Each structure stands twice: as C-alpha cells, then as structure tokens.
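# Examination of the molecular architecture
Read off the chains here:
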Amino acid sequence: MRYELFLAGALVITPVAAHESSAPILGDEPIEHDHVLDEILKQFVPEAEAAADITIDGNKRRIRANGYPNKAPGQFPNRNNPHSISKKNYNLKVPLTPRKNARATNAQNNVFGIALNGVVMEPGTAEFWQNNRRSGWNYEAFGGACKLGLDKYNAHVQPDGTYHYHGIPTGVLASSGGKSVPALLGFAADGFPIYGPYGYSDPRKKSSVKQLKSSYRVKSGTRQSGPGGRYNGKFTQDWAYAAGSGDLDQCNGRFAVTPEYPDGTYHYVLTDTFPHIPRCWMGTPDSSFTRLKQRADLQIDPIDAQEAVPTVDFAAMSDNIDAGITLIQAQGGHPPRLLRGQRPNGPGAGRGQDNRRAQGGSSGGRGPCSGS
C-alpha cells in the first residue's frame, strides 16, 4: 500500500458547503493517484504518520486502509476486552468539498470518521443499562462505570476484530504536533476534517494555541427513569448541550483557520471531555461509512451489536446560534424495557444488588459492561 495524504483545498479552500449497494467493501476500484498538489501536501503530514492511502477520486476523497495502527496497539485480548485485532480492508470515500446542512445527523451508533493512520473512530459503546439496548441508557466509554479494556491510545477491539478509537488518538496527536499547533487527525464521514483538542485562540487567524472546550455539561438533578440516581456522566443521557458554554458547537465543531486550511474551514474537534468524539455530523455522511457498522452488526453475536435504537435525541438540533437547543434528551432516556426476570429500578436507585448488576457486577449471567 502506498502511504500518502492528500489534503485537497489546503492551499485554496472552497466555501464550506457539504446507501450504496450492500456489496462488500473490497478496495479494488480504480482511482486516480496523481494530483497537482501531491508533493506540496506531503509536507503537512509526514509519510510515517499517514498509514492510510488517501487520494482524490473525482469529487471524492478516497481512503483505503487496513484498520491496523502504525504504532503498536495495546495488548488484545486483555482482562477487560476478550477480542483479538483483525486487519480490515477499508475502501471509504467522503465529499471533497463537504457542505453543512440545516440540521445535524446522529452519529452515536455509527463510525464517525477515520484517523490518518487508518483506524476508525466510534463515539458510542455497545454497553447498556441492564444489558437492554432499548432501555435508552447507554454507558459512556469514559464514564467510569465500565472497564472496556482501552489501551493508552483510547482504543479497543470489537467482537468482529475492529480496532477503533473512543477518544483522542493520542499516538496520532503526538505525531501531528500535539499541543503546539492545531493537529489534523483524520476525516469525518461527511468529509469535514477532524482536529485534536488544541486550536488557535483567534479562529480567524494564526494565533496562540489553546485547548478547546466542548459545550456539554452534566445535567443537574435526578434521572427520572432507568437506573435512577443523580446524573453523573456515566451514561450518554447524563449530558446536555449548553450553547455558548464552550468553544464548540453541538457536533463539537467550529469554523477556524488551521495550518492545512489557512482561509478557514468548518472542522470537528476531539476533546478529552464529553463528547470526546462528536455524536453528530453537520454534513451528510457517506454511505461507505454507515455501511461499515451495518455489516459488522451482521457478523457478530446480537448481544454485542448496537441496534439502530436512538440513545441521543437529535431531533431538535440546528445551528449553534439557537441558545435554547438541548441535544441530549431532557428527561434522560426512554422508559426501560426490562429483560425477562429483571426488576425495574425506581428513581434514586443506586444501592443494593440491582445497582451492582447494572454496573456489571456478578449476577450469574452476562454483565452490561462486556468490553465490546
């Protein structure tokens, strides 16, 4: 595989603007490998950092990768993750000139994007309260309730062998400049670039670099359904978007100049606090990405697969100007549908045997924190 990176529009940026068949993603379509900016753009991301073959194919950016990082991952299987890594054959594409839509699109149960090293990014987990994916209560990878066997790069392995990030890919971040400059980390499924947590303090020009903050906060009060107890960040539904409280919009993005886009571009930012990886797209995701999750779900035990059940309410989303928008469900999820033999936990529940089971303790069966 030839490792190179094309950042189309790095020198001249166009204004921000933006299911195929179910056939396998084989990676054997002819593509155009040569481009006028080839040699110039290689300077932005050294060859050793880009383990994906990213090229221009008409009005698309084509991304080919095997899903295995160029820096050695952590040990898998491990105590909290029983799965082994298997190489993939990604053949993905995104719009070359993406456009923002009037409304955002839910990315919670999908592959959000792909890093420069060819490893995919997924925001949500497959772990749910009482092992019930229809309960509306989804455990967060960094919420503290579940040990998912993440390695030092914030990644782990799915049952089908897919190695994927749940947070900032620290190895790619370090290779791309880390804290010294806005670091390009990859591309989202809708074509917009993905950057690390540091950006220019003045988004309009090259300036001092600061750590960007998300605009999500843990809700106050008590959960009115499901596990009960106070909101504490363990579940996706514990978080709410508070417009203007941080540097980023509801999809953890902003418009700003970057080294690769000196005239500015809308881009996503990965943060070390919720949502970590964005939970929505502002553009239209290409079906080559959404199809990845659909195909993976068909190949593994249904108990490990994420069903197409919304765990985050995106229906009210619009541009960040509307200060009244709340991204996460105001009531913290749907009333739970309990599995056979399970008992409901009322509001305020947080102690006793039921709570231990909800946190993945011994219950004589499979716990919800399965490391998948």
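Throughout this document, residue positions are counted from 1 along each chain, in the order its sequence is written. Local features are withheld for residues below a pLDDT of 70 in this predicted model, meaning they are given only at 70 or higher, and side-chain atom pairs are given and counted only at 80 or more; totals for whole chains, interfaces and linings count all residues. With hydrogens and water excluded, all non-hydrogen atoms of the structure serve as input to the side-chain values.

Bringing the overall build of the chain into the picture now. Runs of E in the DSSP output that reach at least two residues are strands. Runs of H or I that reach at least four are helices, and both are numbered from the N terminus. Along its length, the chain carries four helices and 17 strands. Residues counted as buried form 55% of the 372 residues belonging to the chain. A total of about 15,600 Å² of accessible surface is found on the chain, and carbon and sulfur atoms cover 50% of it. Per-residue accessibility, obtained with a 1.4 Å probe over protein chains only, is compared with the maximum for each type, and a residue is labelled buried under 20%, exposed over 50%, and partly exposed between these values. With residues, only the protein chains shown are counted as cover, and all accessible areas are computed by Shrake-Rupley using a 1.4 Å probe.

On to the sheet that holds strand 3 (residues 90–95), then. Within a sheet, each strand pairs with its neighbour through backbone hydrogen bonds, oriented either parallel or antiparallel. Pairing between strands is defined by DSSP: at least two bridges between the two strands are required. A sheet is described by the order of its strands in space; here three strands give the open sequence 1-2-3, paired in antiparallel fashion. With one partner strand each, in any of the chains shown, strand 1 (53–57) and strand 3 form the two edges of the open sheet. With strand direction ignored, the average angle separating the axes of adjacent strands in the sheet is 25°. As defined by bridge partners, strand 1 adjoins strand 2 (residues 60–65) across five bridges and the pair is classed as antiparallel. Angles run from 0 to 180 degrees between N-to-C directions of axes, and those axes are lines fitted to C-alpha atoms, restricted for helices to the stretch in contact.

A separate point is the pattern of salt bridges. Whenever Lys or Arg places a side-chain nitrogen within 4 Å of a carboxyl oxygen from Asp or Glu, that contact is recorded as a salt bridge. Under the defined criterion, the tally for this structure stands at eight salt bridges. D160 is the partner of K88 in a salt bridge, and the nearest nitrogen-oxygen pair spans 3.9 Å. Placement of K88 in the loop between strand 2 and strand 3 and of D160 in the loop between strand 7 (155–157) and strand 8 (163–165) is noted, with a sequence separation of 72 residues between them. The exposure class assigned to D160 is buried, which follows from its relative accessible area of 14%.

Pairs of cysteine sulfur atoms within 2.5 Å are identified as disulfides in what follows. Taken as a whole, this structure holds one disulfide when the rule is applied. Covalently, C251 is tied to C280 through a disulfide, its sulfur atoms 2.1 Å apart. Handedness here is read from the sign of the S-S torsion; for C251 and C280, about -125°, the answer is left-handed. With C251 in the loop between strand 14 (239–241) and strand 15 (253–256) and C280 in strand 17 (residues 280–281), the pair connects residues that are 29 residues apart, well separated along the chain.

The subject of this paragraph is the side chain of N81. One can find N81 in the loop between strand 2 and strand 3. Polar contact criterion, stated in full: a pair of N or O atoms within 3.5 Å, where within protein one must be able to donate a hydrogen and the other to accept it, and residues adjacent in sequence count only if both atoms are side-chain atoms. Within the structure, the side chain of N81 is placed 3.2 Å from the backbone nitrogen of H83, a separation counted as a polar contact.

Turning our eyes to something else, we now look at the pairing of strand 1. Along strand 1, four of the five residues are buried, which leaves the element largely enclosed by surrounding structure. In this antiparallel pair of consecutive strands, strand 1 and strand 2, the connection spans two residues, and G58 shows a positive phi of 65°.

So, on to the confidence of the model for the chain. Model confidence for the chain is summarised by a mean pLDDT of 76, while 66% of its residues fall at 70 or above. Taken as a whole, residues 1–49 scores under 50 in pLDDT and shows 126 contacts with residues more than four places along the chain or in a different chain. The pLDDT value expresses, per residue, how confident the predictor is, ranging between 0 and 100. Between two residues, a contact is recorded if the distance between any of their heavy atoms is within 4.5 Å. Within the model, pLDDT remains below 50 along residues 298–365, and this stretch shows 159 contacts once partners closer than five positions in the same chain are excluded.

With that settled, consider the environment of S214. Within the secondary structure, S214 is located in the loop between strand 12 (209–211) and strand 13 (216–218). The spatial distance from the C-alpha of S214 to the C-alpha of P197 is 9.5 Å, given a sequence separation of 17 residues. Leaving out residues up to four positions away in the same chain, S214 has contacts with G246, L248, N252, T271, T273, F274 and P275. Among the polar contacts listed, one links the side chain of S214 to the backbone oxygen of F274, at a separation of 2.7 Å.

Further remarks concern the sheet that holds strand 16 (residues 265–269). Ordered in space as 7-8-6-5-9-10-16-15, the eight strands form an open sheet in which the pairing is mixed. Single-partner strands in this sheet number two, and they are strand 7 and strand 15. With three bridges joining them, strand 9 (residues 184–188) and strand 10 (residues 193–195) adopt antiparallel strand pairing. Looking at strand 10, one finds that G186 is bridged to I194.

Turning our eyes to something else, we now look at unusual backbone geometry. Backbone torsion omega between F76 and P77 reads 0°, so that peptide bond is classified as cis. Topologically, P77 is positioned in the loop between strand 2 and strand 3. With an omega dihedral of 10°, the bond running from F274 to P275 counts as a cis peptide bond. Residue position: P275 is located in the loop between strand 16 and strand 17. Even without being glycine, N252 reaches a positive phi, approximately 55°. If you trace the backbone, N252 turns up in the loop between strand 14 and strand 15. For H276, which is not glycine, the phi torsion reads 65° and is therefore positive. Relative accessible area serves as the criterion here: at 9%, H276 is assigned to the buried category.

Let's shift gears to the nonpolar core. We define the nonpolar core as a collection of buried residues of types Ala, Val, Leu, Ile, Met, Phe, Trp, Tyr and Cys that are connected through side-chain atoms lying within 4.5 Å of one another. In this structure, F112, I114, Y165 and Y268 are the most contacted members of the largest nonpolar core, which totals 46 residues. The leading source of residues in this core is strand 9, at four residues. In this view, Y165 contacts A115, N117, V119, V120, M121, E122, Y153, N154, A155, V172 and I277; residues no more than four positions away in its chain are not counted. Within the second largest apolar cluster, nine residues are counted, among which are W137, Y139, A141 and A145.

Working definition: rings of Phe, Tyr and Trp (its six-membered ring) pair if their centres are within 6.5 Å, and the pair is stacked with planes under 30 degrees apart, edge-to-face with planes over 60 apart, and tilted otherwise. As enumerated under the stated definition, the model contains twelve aromatic pairs in all. With centroids separated by 5.1 Å and ring planes inclined at 75°, the aromatic side chains of F192 and Y266 adopt a geometry described as edge-to-face. Of this pair, F192 sits in the loop between strand 9 and strand 10 while Y266 sits in strand 16; the two residues are 74 residues apart in sequence, bridging distant segments of the chain. For the residue pair F192 and Y266, the accessibility class agrees, reading buried in each case. A centroid spacing of 5.2 Å and a plane angle of 70° characterise the contact between Y216 and F274, whose relative ring orientation is edge-to-face. Of the two residues, Y216 sits in strand 13 while F274 sits in the loop between strand 16 and strand 17, which places them 58 residues apart along the sequence. Put simply, the rings of F112, F192, Y266, Y268 and W281 touch in pairs and so form one group of aromatic residues. Working rule: Lys NZ or Arg CZ, within 6 Å of ring centre, within 35 degrees of ring normal, means a charge sits over the ring. In this arrangement the basic side chain of K87 is found over the ring face of Y68, its NZ or CZ atom lying 5.4 Å from the centre.

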